[in-house]
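Remarks on the overall topology
Below are the chains, spelled out letter by letter.
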Amino acid sequence: MLDLGAAPGSWTQFSASRVGPRGLVVAVDLTPMSAHAENVVAYTGDFYDGEVLRSIASHGPYNVLLSDAAPATTGNRSLDTTRSAAIAEHALYLCGELLHEGGHLVVKIFQGGEEQALVKEFRRLFQTGRLFKPKACRAESFETYLIGLGYRRPESQTPESVD
Ligand SMILES: C[S@@+](CC[C@H](N)C(=O)[O-])C[C@H]1O[C@@H](n2cnc3c(N)ncnc32)[C@H](O)[C@@H]1O
């Protein structure tokens, strides 16, 4: 499992308990992780950086890709949603490089921007794609999640070709 934007590490910790001792969670964040476990490999760095991508690709391809990553918010809603959508698009792009055929993707996105266009893209690339707002999200929060189940790799893409 790959966890993008993973610090301080609640999702990683939960995922590590779910994949068990024979599974692996690879976590990456700009800031160091506070969650540690034997089945967790954590990288501190930017998931747009080629070196970081090569490191995480060395453990792939993955069955599940999670991204709870969020841009540093500016208070400018339009700018913040655009940056959040860019992260979601990057996670979607990384599926072509890092996700197994049939794998799953969960990505946080700020509402009010490109989420409907991204739902369409999820539906093209996954057997099912939808938006999901967990009950734990505060009603006034503009965070929601895109979920894609059953990745269908476009024919032109092969995994692990990050450069
Ligand atoms: C809401 S927090 C994630 C919380 C985490 N899921 C947890 O359970 O503890 C969002 C994280 O995304 C990270 N992030 C944002 N852009 C990033 C990037 N380009 N590369 C790596 N991490 C990034 C931030 O540093 C921040 O720690």
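Residues numbered from 1 in each chain as written. Predicted model: local features only at pLDDT ≥ 70, side-chain atom pairs only at ≥ 80, totals over all residues. Heavy atoms only, no water.

**Examining the sheet that holds strand E5 (residues 99-110)**
Selection rule: Strands were regarded as paired on the criterion that DSSP finds at least two bridges between them. The helix and strand labels rest on DSSP assignments: H or I over at least four residues marks a helix, E over at least two residues marks a strand, and numbering proceeds from the N terminus. Axis definition: a line fit to C-alpha positions, over the contact stretch in the case of helices; interaxial angles, taken between N-to-C directions, run 0 to 180 degrees. Pairs of residues are marked as contacts when any of their non-hydrogen atoms sit within 4.5 Å.
Here we have 7 strands laid out as an open sheet, ordered E3-E2-E1-E4-E5-E7-E6, and mixed in their pairing. Whereas interior strands pair on both sides, the edge strands pair on one side only; in this sheet they are strand E3 (40-44) and strand E6 (126-132). Between one strand axis and the next, the sheet turns by 10° as a mean value, whatever way the strands run. As judged from the 3 bridges shared by strand E1 (residues 2-4) and strand E2 (residues 25-29), these two strands associate in the parallel manner. Bridge pairing links Leu4 to Val28 in E2. Helix-sheet contacts for helix H4 (residues 115-125) involve E5, E6 and strand E7 (143-151), and the interaxial angle to E6 is about 155°.

**Examining the site of the ligand**
Operational definition: We call a residue near a molecule or strand when any one of its heavy atoms sits within 4 Å of it. Polar contact is the term for a pair of N or O atoms within 3.5 Å; when the atoms are in protein, one must be able to donate a hydrogen and the other to accept it, and sequence-neighboring residues count only if both atoms are side-chain atoms. Each accessible area is a Shrake-Rupley result for a 1.4 Å probe, and residues are judged covered by the shown protein chains and nothing else.
Lining the immediate surroundings of the ligand are 17 residues, of which Gly9, Trp11, Asp29, Asp46 and Asp68 lie closest. For the ligand, an oxygen atom lies 3.4 Å from a polar atom in the backbone of Ala7. The contact in question runs from an oxygen atom of the ligand to an N or O atom on the backbone of Ser10, over 3.1 Å. Protein coverage of the free-state accessible area of the ligand, which is 610 Å², stands at 82%.

**A closer look at the side chain of Asp3**
The condition is simple: Exposure is judged per residue with a 1.4 Å probe applied to protein chains only, and the accessible area is read against the type maximum: over 50% gives exposed, under 20% gives buried, and values in between give partly exposed. Neither His nor the chain termini are counted; the positive set is Lys and Arg, and the negative set is Asp and Glu. Salt bridge, as used here: a side-chain nitrogen of Lys or Arg that lies within 4 Å of a carboxyl oxygen of Asp or Glu.
Looking at the element boundaries, Asp3 is found in strand E1. For the buried Asp3, which has no salt bridge, the nearest side chain bearing the opposite charge is Lys108, at an N-O separation of 9.9 Å. At 2.7 Å, the side chain of Asp3 forms a polar contact with the side chain of Thr12. Not counting residues up to four positions away in its chain, the partners in contact with Asp3 are Trp11, Thr12, Val25, Val26, Ala27, Val28 and Leu66.

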